[in-house]
Amino acid sequence: MRYFMRITAAFLTTAMMVALFASCGEKPPETEKVTVTEIHSMIDPFSGNSGAASESDSEETGSSQAGNSDASSASSPAGSVSQTQKENGNVGYKIADVEFVLQNYYSDGTNYGEINNIRFDDESFASSAYGYLDVKLIYLGSARKNLVIGYKAYNARGKVVRDSTVAVKTEGTHTGDTVENIRFNVPFSTVRVEFFDREP
């Protein structure tokens, strides 16, 4: 019995040491931040509506939160037509291709993340276009502090029509995890969206 307990204790000690050394190898990214652009199609969920918002769109502020309640509505890829829309004769139309300006990673305090899988929701009936994104936590220095990323949306005239943030909930997560279905919204007049590090 004692022999078995010693083996178990030795195994647990070894496992703890391996985990400790593995965690010591994790560190924040040291590469220089660079920007890339992606194009994603915005869908107007209102059948037959051109979706062109008026040029009087005013600058708005607010924040978006990650949440499981948004997961179901984020499942349809941009450009798809849901069965419900087909049955109701309500088929979404593409409004425009929106340019997204992204950094290779974002930092907020000791937390670092990478934005992936941007898509617009073609089923939400709202005055703004709803989108979703995923964030991979490439380094998590504090799980108690959310990773907050700022974004601005611009219309065709270069006017800021949305100035807001997305908050990546980090509680219960670890370095390497991906937080999915983080919702953001922009006016239908948006032609470009820039994500950036929020000022401390």
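Throughout this document, residue positions are counted from 1 along each chain, in the order its sequence is written. Where totals are concerned, whole chains, interfaces and linings use all residues; where local detail is concerned, this predicted model gives features only for residues with pLDDT of at least 70, and gives and counts side-chain atom pairs only at 80 or more. Remark: hydrogens and water are excluded; side-chain values derive from all non-hydrogen atoms of the structure.

Novice: I'd like to hear about the sheet that holds strand 4 (residues 106–108), residue by residue, with values.
Specialist: In this scheme, strands are said to pair when DSSP sees at least two bridges between them. Per the convention used, a helix needs a DSSP run of H or I reaching at least four residues, while a strand needs a run of E reaching at least two, with both numbered from the N terminus. An order of 4-5-6-9 is seen for the four strands of this open sheet, with the pairing classed as antiparallel. On the outer flanks of this sheet lie strand 4 and strand 9 (178–186), each paired with one strand and no other. The mean angle between the axes of side-by-side strands here comes to 40°, regardless of whether they run parallel or antiparallel. Where strand 5 (residues 111–120) meets strand 6 (residues 129–140), eight bridges bridge the pair, whose relative direction is antiparallel. Angles shown run from 0 to 180 degrees and are taken between the N-to-C directions of axes, each axis being a line fitted to C-alpha atoms and, for helices, limited to the stretch in contact.

Novice: So what's going on with the confidence of the model for the protein? Which residues, and what values?
Specialist: In regions of low pLDDT, the predicted coordinates are not meant to be interpreted in detail. Of all residues in the protein, 60% attain a pLDDT of 70 or more, and the chain-wide mean is 74. Confidence of the predictor at the level of single residues is captured by pLDDT, which takes values from 0 to 100. Only heavy atoms matter for contacts: two residues are in contact if any of them lie within 4.5 Å across the pair. Segment residues 11–24 is flagged for pLDDT under 50; beyond a separation of four residues in sequence, or across chains, it makes zero contacts in the model. Per-residue pLDDT stays below 50 along residues 47–61; that stretch engages in 28 contacts with residues further than four places along the chain or on separate chains.

Novice: I'd like a description of the pairing of strand 7 (residues 147–154), backed by residues and values.
Specialist: Three labels apply to residues, based on accessible area from a 1.4 Å probe with only protein chains included: buried if under 20% of the type maximum, exposed if over 50%, partly exposed otherwise in between. Of all the eight residues making up strand 7, seven are buried; the element is thus mostly covered by neighbouring parts of the structure. Of the pairings in the sheet, the one linking strand 7 to strand 8 (residues 160–168) comprises eight bridges and is antiparallel in character. When the bridges of strand 8 are listed, Tyr154 appears paired with Val160. Connecting strand 7 to the next strand, strand 8, in antiparallel fashion are five residues, including Gly158 with a positive phi near 85°.

Novice: Give me the lowdown on unusual backbone geometry, citing residues and values where you can.
Specialist: Even without glycine at this site, Asn117 takes up a positive phi of about 55°. Note that Asn117 resides in strand 5. With phi around 60°, Asn181 is a residue other than glycine that occupies positive phi space. The topology assignment puts Asn181 in strand 9.

Novice: Go over the environment of Gly158, please, and point to the residues and values.
Specialist: The topology assignment puts Gly158 in the loop between strand 7 and strand 8. Between the alpha carbons of Gly158 and Arg192 there is a distance of 8.6 Å; along the sequence they are 34 residues apart.

Novice: Explain the pattern of salt bridges to me, and be specific about the residues and the numbers.
Specialist: Between Lys or Arg on one side and Asp or Glu on the other, a salt bridge is scored when a side-chain nitrogen of the former is within 4 Å of a carboxyl oxygen of the latter. Scanning the entire structure with this criterion turns up six salt bridges. In this structure, Lys33 and Asp197 form a salt bridge, with 2.1 Å as the shortest nitrogen-oxygen distance. Of this pair, Lys33 sits in the loop between helix 1 (2–24) and strand 1 (35–44) while Asp197 sits in strand 10 (residues 192–197); the two residues are 164 residues apart in sequence, bridging distant segments of the chain. Residue Asp197 is classed as partly exposed on the basis of its relative accessible area, which comes to 21%. A salt bridge links Arg119 to Asp134; its shortest N-O distance comes to 3.2 Å. One end of the pair, Arg119, is in strand 5; the other, Asp134, is in strand 6, and 15 residues separate them in sequence. Here Asp134 falls in the buried class, since its relative accessible area comes to 7%. Via salt bridges that share partners, Asp108, Lys145 and Arg198 belong to a single interconnected network.

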